[in-house]
Amino acid sequence: TRDIAHIEVSVVDEQGIVVPNSDFELSFDIQGKGEIIGADNGDLRDHEPYKCSRRKTRGGRCLLVVQSGLESGEVVIRAAGNGLAAGELRIKVEE
């Protein structure tokens, strides 16, 4: 079966506190046994397609939805934004 992961993405400051008063354009890259099937920020005025690899945060947050492949392995998700430190998440996929 193919599983789905809902990944909450947050832009945080040096103390790990969410930066709620700015919106940031983030780009996502995925490698391995999975694919990005959606991204959202909860903003009804945002008309960007859900199936994309870029999303602007709302209140410093957005949601990324990733679907696993059919084979075991690892999914590596990277998030980057202009002027921000990049983030990385690794998910183990099992049959």
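Colleague: Just checking my understanding: could you explain the sheet that holds strand β3 (residues 34–40) for this structure?
Modeller: Across a sheet, strands are paired by hydrogen bonds formed along the backbone, either parallel or antiparallel in direction. The strand order across the open sheet formed by three strands is β1-β5-β3, and the pairing between neighbours is antiparallel. Either end of the sheet is taken by a strand with one partner, and the two such strands are β1 (4–10) and β3. The average angle at which neighbouring strand axes cross in this sheet is 25 degrees, direction not considered. As judged from the seven bridges shared by β1 and strand β5 (residues 61–68), these two strands associate in the antiparallel manner. Within β5, the residue paired with Ile4 across the bridge is Gln67.

Colleague: I keep staring at the environment of Asn21 and nothing clicks. Help me out?
Modeller: Relative to the elements of secondary structure, Asn21 occurs in the loop between β1 and β2 (25–32). With 58 residues separating them along the chain, Asn21 and Ala79 place their C-alpha atoms 19 Å apart.

Colleague: Could you clarify how one ought to interpret the sheet that holds strand β7 (residues 87–93) in this entry?
Modeller: Read across the open sheet, the four strands follow the order β4-β2-β6-β7; overall the sheet is antiparallel. Each having just a single partner strand, β4 (54–56) and β7 make up the two edges of the open sheet. The sheet shows a mean angle of 20 degrees between the axes of neighbouring strands, direction not considered. Examined bridge by bridge, β2 and β4 share three bridges and lie antiparallel to one another. Paired with Glu25 across the bridge in β4 is Lys56.

Colleague: Please clarify how the pattern of salt bridges should be interpreted in this entry.
Modeller: It is possible for side chains bearing opposite charge to pair when their charged atoms get close. Summed over all chains, the structure comprises twelve salt bridges. Its salt-bridge partner being Arg2, residue Glu35 comes within 2.9 Å of it at the nearest N-O pair. Of this pair, Glu35 sits in strand β3 while Arg2 sits in the segment before β1, placing them 33 residues apart in sequence. Residue classification places Glu35 among the partly exposed positions, given a relative accessible area of 30%. With a relative accessible area of 37%, Arg2 lands in the partly exposed category. A salt bridge links Glu94 to Lys92; the nearest nitrogen and oxygen atoms lie 3.6 Å apart. Exposure class is identical for Glu94 and Lys92. Each is exposed. Salt bridges here are not isolated pairs; linked through shared partners, they connect Asp29, Glu74, Arg78, Glu88 and Arg90.

Conventions adopted
- Residues numbered from 1 in each chain as written.
- Predicted model: local features only at pLDDT ≥ 70, side-chain atom pairs only at ≥ 80, totals over all residues.
- Heavy atoms only, no water.
- Pairing = 2+ DSSP bridges.
- Helix = DSSP H or I, 4+ residues; strand = E, 2+ residues; numbered from the N terminus.
- Axes fitted to C-alpha atoms, helices over the stretch in contact; angles between N-to-C directions.
- Salt bridge = Lys/Arg side-chain N within 4 Å of Asp/Glu carboxyl O.
- Buried < 20%, exposed > 50% of the residue type's maximum accessible area, 1.4 Å probe, protein only.

It is worth stressing that arrangement in space is one thing and function is another; only the former is reported here.
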